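Examining the three-dimensional arrangement
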Amino acid sequence: MKNTSILFLLILGTFFGCDIYPQDEYEEFYVVESYIVAGRNLQQVRLSTTGEAFEFYSFENTAVSNASVSINLLNTNSNRVEQSFPFQMDTPGIYIPTIDHEVLPERTYQLLVSVPNGASFDEISATAIVPGSFDVIGGVQDTLVYQSTEQLEVTLSESSYPGRQNVYVFNTLALNPIPENLTPLYADFYDNEEEIDSNGVRNNDLLLEFSNTSSGLLNAGNFTINNDGSITIRYPWLAVAFFEENRIVATTVDDNIYDYIRSGSVQFGGSTLSPGEIQNVITHIEGGIGLFGAMASDTIPTFFKRNPLF
């Protein structure tokens, strides 16, 4: 159950390759990307810069080298640094921790980045509060018949986040995403799309997209809250794109990820507001843009069998 995954972040898209801020001339920003997961070791920090809107974007071409990077665990009562974990550059723009540290739930972490700039340094910082850990404690079935009357229900133990209800994202990750395994709805859409390249070969972009379906942000209030604080979710068949082996990933997110997703969905077409009225994507990064996000997660392995009635 503890084989966590952060692949749901693939659905977020990215604004890092262009300048989204209203201004007359292009201004370069530092871009940070890093995620910390309760119960998992610290992961890499990606550091780059933005690129101009109409130029081809490549992380390798915008990667920032020779930065000083660390993540600090802050004291619960004083917000002073309790432990510091230095990072070193692995490849240009990719920084990895020099020592292992298992991320603690319900604690605050601080990201600090210092980039040489002539005789001075550019400073980048962010903080993230890790949601409380949880487990899948009931309702899991190893095998289900697709579109049968037996609905997949999942019960998650109680988690917590300061000042608000939990916000979840659920992803279905297909382990064998081939056209023959597409469920009927997704198969119809796939067959009706023109995904043929200049050589007459079908493009696999749609299969990659379907292999990771996401619920988007869901407030805990949308689910059945049980007397012990656990929640029960009826998982919709619409979220299942492929038959056979799948992994259902339940994730609860911090405010940084929550604000990024909800503001990004408006920025990238989820609003009827005119461009001048839409707020910029909320990133909570001082000295740059990007995402330093925290989450807790658990994974459910499930096999979806074909329904003989279809």
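So, a few notes on the structure that sits alongside this text. (Residues numbered from 1 in each chain as written. Predicted model: local features only at pLDDT ≥ 70, side-chain atom pairs only at ≥ 80, totals over all residues. Heavy atoms only, no water.)

Observations concerning the packing of aromatic side chains
Enumeration according to the criterion identifies 10 aromatic pairs in this entry. Their ring planes at 75° and their centres at 6.0 Å tell us that Trp237 and Phe304 sit as a pair that is edge-to-face. Of the two residues, Trp237 is situated in the loop between strand E15 (231-234) and strand E16 (244-253) and Phe304 in strand E17 (residues 289-305); the sequence distance between them amounts to 67 residues. A residue is classified by how much of its surface remains accessible, and Phe304, at 1% relative accessible area, is buried. For the cation-ring pair, Arg46 lies above Phe59, with the distance from its terminal atom to the ring centre recorded as 4.0 Å. Of note, Arg164 hangs over the ring of Tyr258, and the distance from its end group to the ring centre comes to 5.6 Å. (Phe/Tyr/Trp six-rings, centres within 6.5 Å; stacked < 30°, edge-to-face > 60°. Helix = DSSP H or I, 4+ residues; strand = E, 2+ residues; numbered from the N terminus. Buried < 20%, exposed > 50% of the residue type's maximum accessible area, 1.4 Å probe, protein only. Lys NZ or Arg CZ within 6 Å of the ring centre and 35° of its normal.)

Things to note about the nonpolar core
By size, the foremost hydrophobic cluster in this structure holds 50 residues, and its most contacted members are Ile36, Leu47, Ile71, Leu156 and Phe292. Here this core gets five residues from one element, more than from any other, and that element is E17. When sequence neighbours within four positions are dropped, the list of residues in contact with Ile36 reads Leu42, Ile71, Val103, Tyr109, Ala128, Val130, Phe292, Gly293, Ala294 and Met295. Grouped together as the second largest cluster of nonpolar side chains are 11 residues, Tyr35, Val37, Val167 and Met295 included. (Core = buried A, V, L, I, M, F, W, Y, C linked by side-chain atoms within 4.5 Å. Contact = heavy atoms within 4.5 Å.)

Some details on the environment of Thr224
Tracing the sequence through the fold places Thr224 in strand E14 (residues 224-225). In this structure, the C-alpha to C-alpha distance between Thr224 and Thr155, residues 69 residues apart in sequence, is 9.2 Å.

Section: the sheet that holds strand E8 (residues 136-138)
Ordered in space as E8-E10-E15-E14, the four strands form an open sheet in which the pairing is antiparallel. Of all the strands in the sheet, just E8 and E14 have a single pairing partner and so form its edges. Summarising the sheet, strand E10 (residues 153-156) and E15 pair through four bridges and their orientation is antiparallel. When the sheet's bridge partners are listed, Thr155 is paired in E15 with Thr232. (Pairing = 2+ DSSP bridges.)

What to know about helix H2 (residues 184-192)
Within H2, the full set of buried residues consists of Tyr186, Ala187 and Tyr190. Down the axis of H2, the sector holding all buried residues measures 105°, keeping them to one side. Across H2 from its buried face, at more than 90 degrees, point the exposed residues Asp188 and Asn192. Considering only its buried residues, H2 is in contact with helix H3 (205-210) and strand E12 (212-214). (Arc of directions from axis to C-beta.)

Thoughts on the pairing of strand E4 (residues 81-91)
Looking at chain direction, strand E3 (residues 68-74) and E4 are connected through six bridges and run antiparallel. Residue Leu74 lies in a different strand from E4, and its bridge partner there is Val81. Hairpin connection between E3 and E4: a loop of six residues separates the two successive antiparallel strands, and Asn79 in this loop has a positive phi of roughly 65°. Linking two consecutive strands that pair antiparallel, namely E4 and strand E5 (residues 94-97), is a turn of two residues; a positive phi of about 85° is found at Gly93 within it.

Points about the environment of Ala250
Locating Ala250 in the fold gives a position in strand E16. Taking relative accessible area as the criterion, Ala250 reaches 0% and is therefore assigned buried. With 116 residues separating them along the chain, Ala250 and Phe134 place their C-alpha atoms 9.5 Å apart. When sequence neighbours within four positions are dropped, the list of residues in contact with Ala250 reads Phe134, Leu156, Val169, Phe170, Ala296, Ser297 and Asp298.

Here's the deal with unusual backbone geometry
For Glu106, which is not glycine, the phi torsion reads 60° and is therefore positive. Structurally, the position occupied by Glu106 is in the loop between E5 and strand E6 (108-117). Taking the relative accessible area as the measure of exposure, Glu106 reaches 52% and is therefore exposed. Phi at His284 is positive, roughly 55°, even though this residue is not glycine. Mapping His284 onto the fold places it in the loop between helix H4 (255-267) and E17. His284 sits in the partly exposed class, given a relative accessible area of 37%.

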